[in-house]
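Chain residues, written in single-letter form:
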Amino acid sequence: MTTAANPTIQVRVTAVLQKLTNGQKAVEASGATVGAILDDIDHRYPGFKAQMYGPDGKLHRFVNVYLNDEDIRYAGGVDAPVKTGDVLDILPALAGGA
Amino acid sequence: MSVNVYIPTPFRHLVGNRASVRATGSTVRDVLTDLDTQFPGFRAQVVDTDGRLAHHINVYVNQVEIHSLQGEATSLSNGDEVAVIPALAGGANTVLTPEMVERYSRHLIMPQVGSIGQRKIIEAKVLIIGAGGLGSPVALYLALAGVGTVGIIDFDVVDRSNLQRQILHQTADIGKRKVISARETLEAHNSNVNVQVHEVPINSDNAFEIISQYDIVVNGADNFATRYLVNDACYLLKKPLVDGSILMFDGQATTYLPGKGCYRCLYPAPPPPGMVPSCAEAGVLGAMCSTIGSIQATEVLKLVLDIGEPLVNRLLLYDALSLEFRIVKVRRDPECPLCGDNPTIHELIDYEQFCGTPIPHAIAD
């Protein structure tokens, strides 16, 4: 449920993650921080976090998360606050070139 | 004698914007005088203060430069083709032949390129990692543009499943070494290009020796170990790296300049083996390769010509399904072990161990 304290935002994932989101490229999620958003996605699409997080409880280092086109690593990490209208992009590394 | 004189674009304004004019004279010198009579001021453009043909002007008679003949005294016959081509500053040894002037005319007439820019393209040496999905369109467009030296490194053999997207190879090439097939295709398109093939897998033992021969490196690799290897080698050798990758319906592209971030800044650690599929496992839409590949070729040419803004500190994201292009910002990570403030990597490492997977090699017959 959207509230000012828990905004609902759009989260976009690349093709290789879409099997975890019922084939959708963009999903909605609610939360006050990036971490809370990722938790909410996992709530709606169980198994999502398991793909994104390592055994140490932190985001895999080959997955990049962008909040409004900025890498969250330089913007507060998973504690970065989220507001209405923000867009989150989740990008795992691609190797394909052949 | 009545001859046809080919006038290159930079001089056309002197002759009423024509590409070709008729002139009379028994020698090249006479013809230049006649051109000056027909078009006052023409001679002043092509001679030095001592009245002799300027050093930066090449004159060809029937495709042969007059320095190999009798210079301005070269005698002419009716119907001969004379061409007057300016060789502007930069690249003392690079001469634009009439064939090149016609071939690259769409470059020459753009102010951002011109004959100076075309010379830079001809003098450039670009290495392409992989002659596959991405390597194919990059190599092709760079060869078409006239990049003088194109290096291709690939140890694989053409197979039928490649033909859905690897535009350097055709059905008749199945079974052929990819670098050989690549060279044949590129030479058929533009014989001015010197294609250097490296029919070896790139590894920590040869990466420095190979990459150091080139100015710019383009990544078309298909596995993480090679990506980290090429990234490290390019940074340590201070070479720009134009990166690209594709999978299914997504593509990415960016340009790394030493000191402005590297692949490790973006992806500090590779995924565990098996977690991110390859194209062979997940598939890829063929046309994706040319979308990202031609962006990579464009980036190379922009670096060579020093024009526009390359994708430095910008990661281009391409979603083919929604047909969206987006750019996200990428930075140099001050803690990057390779290019950060306190680097710990000063030489190439064992990348297969780093990624936990062997670098795929073709099985040689």
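Rules behind the numbers
- Residues numbered from 1 in each chain as written.
- Chains lettered and ligands numbered in written order.
- Predicted model: local features only at pLDDT ≥ 70, side-chain atom pairs only at ≥ 80, totals over all residues.
- Contact = placed C-beta atoms within 7 Å.
- Helix = DSSP H or I, 4+ residues; strand = E, 2+ residues; numbered from the N terminus.
- Nonpolar A, V, L, I, M, F, W, Y, C, P; charged D, E, K, R; others polar.
- Buried ≥ 20, exposed ≤ 12 C-beta atoms within 10 Å, placed from the backbone.
- pLDDT = per-residue confidence, 0-100.
- Pairing = 2+ DSSP bridges.
- Axes fitted to C-alpha atoms, helices over the stretch in contact; angles between N-to-C directions.
- Expected span 1.5 Å × (residues − 1).

This part covers the interface of chain A and chain B. Contact with chain A, which involves 21 residues of that partner, is made by 38 residues of chain B. Going through the elements one at a time, strand E3 (63-67), strand E4 (70-71) and strand E5 (87-92) of chain A are the ones with two or more residues in the side of chain A that touches chain B. Along the lines of polarity and charge, the residues of the side of chain A that touches chain B split into 10 nonpolar, 5 polar and 6 charged.

Moving on, we get to unusual backbone geometry. If you check the backbone angles, Asn-68 of chain A has positive phi at about 50 degrees while not being a glycine. Within the element layout of this structure, Asn-68 of chain A appears in the loop between E3 and E4. Unusually for a residue other than glycine, Leu-323 of chain B sits at a positive phi of about 50 degrees. Within the element layout of this structure, Leu-323 of chain B appears in the loop between strand E12 (314-319) and strand E13 (324-329).

All names here are of chain B. Positionally, Asp-319 belongs in strand E12. C-beta crowding within 10 Å serves as the criterion here: with 16 such atoms nearby, Asp-319 is assigned to the partly exposed category. Expressed as a C-alpha distance, the spacing of Asp-319 and Pro-277, which sit 42 residues apart in the sequence, is 17 Å. Discounting residues that sit within four places of it in the chain, Asp-319 has contacts with Phe-249, Asp-250 and Glu-324.

Any region with low pLDDT has predicted coordinates that should not be read closely. On average, residues of chain B score 90 in pLDDT, and 96% of them reach the 70 mark or higher. We note a pTM of 0.77 for the whole complex and an ipTM of 0.75 for its interfaces.

Residue and element names in this part refer to chain B. Ordered by their spatial adjacency, 5 strands build an open sheet running E2-E1-E5-E3-E4, and the pairing between neighbours is mixed. Because the sheet does not close on itself, it has two edges, and the strands there are strand E2 (20-24) and strand E4 (64-65). This element, helix H1 (residues 28-38), spans strand E1 (2-6), E2, strand E3 (57-61) and strand E5 (81-86) of the sheet and lies at about 115 degrees to E2.

For helix H7 (residues 178-189) of chain B, which comprises 12 residues, the first-to-last C-alpha distance of 17 Å matches the rise-based estimate of 16 Å (1.5 Å per residue) to within 8%. Contacts made by the buried residues of H7 of chain B are with helix H6 (135-145), strand E7 (149-153) and strand E8 (194-198) of chain B.

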